[in-house]
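# A closer look at the structure
Single-letter residue listing:
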Amino acid sequence: MTDTLEIRNLHARTEEREILKGVNLTLRKGEVHALMGPNGAGKSTLAYVLMGHPAYEVTEGEVLFKGQNILELDPEERAHLGLFLAFQYPVAVPGVTVANFLRAALNAKRQAQNPDDPGISVLEFRKLLTEKMRLLGLSPDFAGRYLNDGFSGGEKKKTEVLQMAVLDPEFAILDETDSGLDIDALRAVAHGINALRGPERGFLVITHYKRILDHIRPDYVHILVDGRIVASGGPELADQLEAEGYKQWREEPVSPAA
Ligand code: ADP
Ligand code: MG
């Protein structure tokens, strides 16, 4: 299937202990899934494992996309296949502008998909970038700034969303650091994500707080507690969580749906 990303019985650990204890989750294009859970549940670990972070060992399970187990691919190959994992490039790169970085990233992806692709020209790219920046409500001078160099939390997040817009991935996994965002930055990031929603793209929005979900109405909400998905439902699940907290799932974990 080319239109699903399927996480099957995923177990992952660090040297010390097991963190993911059998995660099952199927994302389809056109859908926005939110993954919520208390601190330490393993949400970021899931994002890191999907991106191929070396700190985590997968001991069981698979993640299927386009007929492949992506866990066997290196992070770049996963990106070139059509996955977008925020935090791929978290470091500041003084001397490299946002525009140059994004053009290089887009050309790397295009050339991985087709070695004969000559890459996008500077002029063509400028047009594309201007269009995406307008879509996301970013001011034009942003493109000329050095990547993540002195960026605020909000600007880093906006850069990620811009990167996503330029790379046009089929599935995007966003590990929100909503706690670092003020309300304007949060709205801008949510607006950007909403602008990129569509039948050709699926999202996994990982968040600790319901706050961002008031702006991005997800189609499905999943609750991760202690390395397992303990509940799945519609957006009302996030409302219930807000009202009642995670306590009910901590005390009586149910087995995840197969
Ligand atoms: P969440 O994002 O849901 O808050 P994390 O995935 O960050 O949870 O962490 C889950 C648990 O695994 C925590 O107890 C955390 O301390 C531990 N953990 C995560 N990454 C590492 C790591 N690289 N080394 C050691 N322990 C880790
Ligand atoms: Mg986290």
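### Section: the overall build of the protein
The helix and strand inventory of the protein stands at eight helices and 12 strands. For the protein, whose C-alpha radius of gyration is 18 Å, the value lies close to the compact-globule estimate of 18 Å for 258 residues. For the protein, the spread of C-alpha atoms along the principal axes amounts to about 55 × 40 × 35 Å. When each of the 258 residues of the protein is scored for burial, the buried share is 50%.

### Structural notes on the nonpolar core
Within the largest apolar cluster, 52 residues are counted, with the highest numbers of intra-cluster contacts made by Leu129, Leu162, Met164, Phe203, Ile223 and Trp249. The residues touching Leu162, leaving out its near neighbours within four places in the chain, are Val98, Leu102, Leu129, Lys132, Met133, Leu136, Leu138 and Phe142. Counting residues in hydrophobic clusters, the runner-up holds 31 residues, among them Leu10, Ile70, Leu83 and Leu204.

### With respect to the site of ligand 1
If you check the shell around ligand 1, you find 14 residues, and the closest are Arg17, Gly40, Lys43, Thr45 and Tyr56. Arg17 is positioned such that a nitrogen or oxygen atom in its side chain is 2.7 Å from an oxygen atom of ligand 1. Interatomic distance of 2.8 Å between a side-chain N/O atom of Lys43 and an oxygen atom of ligand 1. For the shell around ligand 1, the element with the most residues is helix H1 (residues 43–51), which contributes three residues.

### Considering helix H3 (residues 98–113)
Helical geometry note: an α-helix holds 3.6 residues per turn, so side chains three or four residues apart project in the same direction. Here H3 contains 16 residues, and its C-alpha end-to-end distance of 23 Å stays within 8% of the 22 Å for a straight helix at 1.5 Å per residue. Within the sequence span of H3, burial applies to Val98, Ala99, Phe101, Leu102, Ala105, Leu106, Asn107 and Lys109.

### Description of the side chain of Thr207
Residue position: Thr207 is located in strand S10 (residues 202–207). Within the structure, Thr207 has its side chain in polar contact with the backbone oxygen of Tyr209 (distance 2.8 Å).

What counts and how
- Residues numbered from 1 in each chain as written.
- Chains lettered and ligands numbered in written order.
- Predicted model: local features only at pLDDT ≥ 70, side-chain atom pairs only at ≥ 80, totals over all residues.
- Heavy atoms only, no water.
- Helix = DSSP H or I, 4+ residues; strand = E, 2+ residues; numbered from the N terminus.
- Rg over C-alpha atoms; globule rule 2.2 N^0.38 Å.
- Buried < 20%, exposed > 50% of the residue type's maximum accessible area, 1.4 Å probe, protein only.
- Core = buried A, V, L, I, M, F, W, Y, C linked by side-chain atoms within 4.5 Å.
- Contact = heavy atoms within 4.5 Å.
- Near = heavy atom within 4 Å.
- Polar contact = N/O pair within 3.5 Å; in protein donor to acceptor, adjacent residues only side chain to side chain.
- Expected span 1.5 Å × (residues − 1).

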